[in-house]
Amino acid sequence: MFSAFSSIDDETPADTAVKRLDGIGHVLSGLDIAAIQTQDDMNRTLWTLDAASKCVRAVLAEFRTQPAAEQLLRKSRNLIDLIERARDQVVSFQTSGAVLS
């Protein structure tokens, strides 16, 4: 009946960290920067990107001492780089006048 939970005990801290990072990436994959039309849309997108960046950094800090830390560091850096590029894109979207007031 509870066989779905049997793998929980077998999960390493590194596995947990990777799942958390993958979840953050999954949420961010739903952002559509091209759909930003208003200042509120832009503010919400920037808030989401900032929150995601903080979450990635929190996961990294929590699991930094784990044996697979190098893999986590690479994955975290990749996510943070993608977040920063998306943030730059949103800000440039605003400065180009594409966002309506």
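Residues numbered from 1 in each chain as written. Predicted model: local features only at pLDDT ≥ 70, side-chain atom pairs only at ≥ 80, totals over all residues. Heavy atoms only, no water.

It is worth spelling out the overall build of the protein at this point. In terms of helices and strands, the protein carries three helices and zero strands. Put simply, the protein runs from its N terminus to its C terminus through helices and strands in the order α-α-α. Across the 101 residues that make up the protein, the buried fraction comes to 29%. Long-range pairs, those at least 24 residues apart, make up 77% of the contacts in the protein between residues at least 6 apart in sequence. Just so you have it, the protein exposes about 6,900 Å², and 54% of that area is on carbon and sulfur atoms. (Helix = DSSP H or I, 4+ residues; strand = E, 2+ residues; numbered from the N terminus. Buried < 20%, exposed > 50% of the residue type's maximum accessible area, 1.4 Å probe, protein only. Contact = heavy atoms within 4.5 Å. Areas by Shrake-Rupley, 256 points an atom, 1.4 Å probe, with all protein chains shown as cover.)

To continue, consider helix H1 (residues 13–29). When the terminal C-alpha atoms of H1 are compared, their 24 Å separation across 17 residues agrees well with the 24 Å that a helix rising 1.5 Å per residue should span. All of the buried residues in H1 are Ala14, Thr16, Ala17, Val18, Leu21, Ile24 and Leu28. The inward-facing, buried residues of H1 abut helix H2 (39–63) and helix H3 (69–95). (Expected span 1.5 Å × (residues − 1).)

Quick look at the pattern of salt bridges now. In total, this model carries six salt bridges according to the counting rule given. Across the pair Arg20 and Glu62 runs a salt bridge, and its minimum N-O distance is 2.9 Å. One end of the pair, Arg20, is in helix H1; the other, Glu62, is in helix H2, with 42 residues separating them in the sequence. On the basis of relative accessible area, Arg20 is assigned to the partly exposed category, the value being 37%. The exposure class assigned to Glu62 is partly exposed, which follows from its relative accessible area of 48%. (Salt bridge = Lys/Arg side-chain N within 4 Å of Asp/Glu carboxyl O.)

Taking 1.5 Å of rise per residue, 27 residues should cover 39 Å, and H3 covers 38 Å from first to last C-alpha, within 8% of that figure. Considered for burial, the residues of H3 that qualify are Leu72, Leu73, Ser76, Leu79, Ile80, Ile83, Ala86 and Val90.

Here we come to the environment of Leu60. Assignment of secondary structure puts Leu60 in helix H2. Considering only alpha carbons, one finds Leu60 and Ala17, 43 residues apart in sequence, at a separation of 7.8 Å.

All right, on to the packing of H2 against H3 then. In the contact formed by H2 and H3, the axes pass within 10 Å of each other and the chain directions differ by 165 degrees. With respect to H3, the axis of H2 lies roughly antiparallel. The handedness of the crossing between H2 and H3 comes out as left-handed. Split by residue class, the contact of H2 with H3 holds 16 nonpolar, five polar and four charged. (Axes fitted to C-alpha atoms, helices over the stretch in contact; angles between N-to-C directions. Parallel < 35°, antiparallel > 145°, perpendicular 65-115°, else oblique. Left-handed = near helix turned anticlockwise from the far one by under 90°. Nonpolar A, V, L, I, M, F, W, Y, C, P; charged D, E, K, R; others polar.)

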